[in-house]
Amino acid sequence: MKTRKILAVMVLLLATAMCMSACSKKEKAGGKLVVGFSQVGAESSWRTAETESIRSEAEKRGIELKFSDAQQKQENQIKAIRSFIAQGVKAIVLAPVVETGWEPVLMEAKRAKIPVILVDRGVNVSDDTLYSTLIASDFVAEGRMAAEWMVKKLNGKGNIVELQGTPGAAPAIDRKKGFEEIIKKYPDMKVVKSQTGDFTRTKGKEVMQTFLSSAKAENVKIDAVYAHNDDMALGAIQAIEEAGLKPGTDIVIVSIDGVKDAFLAMIDGKLNATVECNPLLGPMAFDAVKAALGGETLPKKTVVKDSVFDQTNAKQTLPDRKY
Ligand code: GYE
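Residues numbered from 1 in each chain as written. Predicted model: local features only at pLDDT ≥ 70, side-chain atom pairs only at ≥ 80, totals over all residues. Heavy atoms only, no water.

Let us now look at the overall build of the protein chain. A tally of regular secondary structure across the protein chain gives eleven helices and twelve strands. At 25 Å, the protein chain has a C-alpha radius of gyration far larger than the 20 Å of a compact globule built from 323 residues. Here the C-alpha coordinates of the protein chain stretch approximately 105 × 40 × 35 Å along the principal axes. Across the 323 residues of the protein chain, 50% fall into the buried class. Considering only intrachain contacts with a sequence separation of at least 6, the fraction spanning at least 24 residues in the protein chain is 75%. (Helix = DSSP H or I, 4+ residues; strand = E, 2+ residues; numbered from the N terminus. Rg over C-alpha atoms; globule rule 2.2 N^0.38 Å. Buried < 20%, exposed > 50% of the residue type's maximum accessible area, 1.4 Å probe, protein only. Contact = heavy atoms within 4.5 Å.)

Listed below in structure tokens is the structure:
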């Protein structure tokens, strides 16, 4: 009886040991690097292309990506980052919706020794050791390029309406700044109306409708639209057409991003120019994750290069466009 009991215990112990080794082997085999990605939302085609680039690059590298869509709300991003920390991710990729208000949560990530890689939008923090690096375009330069193109097209004269991006977002602040820097050199060029369209097509259209009707009431002629992104410009195009005007001819339209629909609109003659802003940041983001986890000190900012496209080169460029 006693021997049987001992035997039974031994079998049980052996089974447990076998299971444990199998289980730990399994954990190792599936022991992928886990990275959290807190994304702004899905407000524009640019954003969708960025999400896709980051998702597909993670998959290509065998990285498990925990994805969180903040629906354009900072509080959702803060919650997502806290949850990534609680889940013990190895690194965090963050596309911050606005510039300010990040110190506390970034401090929590730092304390947990989780590197944070910023993609596409920057933050405004007093201590830049709170993040490893920022990979983004120079939005001020984009604003300048858009303005320079418009100045040439309008021969330095005209009334401009501006569709701004999300209030407080780095690209909205900087694209406005760069544009104004150039425009103010031309006394006959004026931004007569400026409002946020939140980087979306729907709001871009809505705001353009109110611009058109108030301009009519005030007897002001709108010569040009400057939109902080293509989606808002595409919305504005609809509003202009519905008002019985010809976008691209009656009103000059310049925007930023360089998404496929913008190229199609340029080919149709409805959009005049777009400044490219590359959203395909996946490969660079994960190179940065790897470097940060390897203990490397990264440059505080890596600038992605942009250029202008217009109706003269839209058609031949379209086949090469990746987003
Ligand atoms: O231009 C806009 C998007 O942060 C650079 O956000 C990005 C901007 C992009 O919604 O379309």
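Moving on, there is more to tell.
Turning next to the packing of helix α7 (residues 201-218) against helix α8 (residues 230-242). Between α7 and α8, the shortest axis-to-axis distance is 7 Å and the interhelical angle comes to 45 degrees. When the axis of α7 is compared with that of α8, the two are oblique. The handedness of the crossing between α7 and α8 comes out as right-handed. Counted together, R201, G204, K205, M208, Q209 and L212 of α7 and D231, M232, L234, G235, A236, Q238, A239, I240 and E242 of α8 form the full contact between these two elements. (Axes fitted to C-alpha atoms, helices over the stretch in contact; angles between N-to-C directions. Parallel < 35°, antiparallel > 145°, perpendicular 65-115°, else oblique. Left-handed = near helix turned anticlockwise from the far one by under 90°.)

In space, the six strands of this open sheet follow the order β2-β1-β3-β4-β5-β11, with parallel pairing throughout. Strands with a single pairing partner mark the edges of an open sheet, and in this sheet they are β2 (64-69) and β11 (301-304). Between one strand axis and the next, the sheet turns through 15 degrees on average, direction left out of account. Relative to β2, strand β1 (residues 34-39) is paired through six bridges, and the arrangement is parallel. The residue bridging F37 from the neighbouring strand is F67, located in β2. Where helix α3 (residues 74-87) meets the sheet, its contacts fall on β1, β2 and β3 (91-94), and the angle it forms with β1 comes to roughly 175 degrees. (Pairing = 2+ DSSP bridges.)

Before going further, it helps to spend a moment on the sheet that holds strand β10 (residues 273-276). Across the sheet, which stays open at both edges, the six strands sit in the order β7-β6-β8-β9-β10-β12 with mixed pairing between neighbours. Looking along the sheet, the strands with just one partner apiece sit at the ends: β7 (189-196) and β12 (308-310). The sheet shows a mean angle of 20 degrees between the axes of neighbouring strands, taken without regard to direction. Looking at chain direction, strand β6 (residues 158-164) and β7 are connected through seven bridges and run parallel. Bridge pairing in β7 links L163 to Q195. The sheet strands contacting helix α6 (residues 170-183) are β6, β7, β8 (224-227) and β9 (252-257), and the helix crosses β6 at an angle near 170 degrees.

Turning next to empty space enclosed by the protein. Tallied over the full model, the rule gives one cavity of 30 Å³ or more. Approximately 100 Å³ is the volume attributed to the largest cavity. Forming the boundary of the largest cavity are 13 residues, of which W46, R47, R121, R175 and D257 lie nearest the centre. Counting only elements with at least two residues in the lining of the largest cavity, the list comes to α2 (45-60) and α6. Per-class residue counts for the lining of the largest cavity are five nonpolar, two polar and six charged. (1 Å grid on protein atoms, 1.4 Å probe; cavity = no way out; pocket = protein on both sides within 12 Å on 5 of 7 lines; lining within 4 Å. Points joined across faces, edges and corners; volume = space filled by probe spheres on them. Nonpolar A, V, L, I, M, F, W, Y, C, P; charged D, E, K, R; others polar.)

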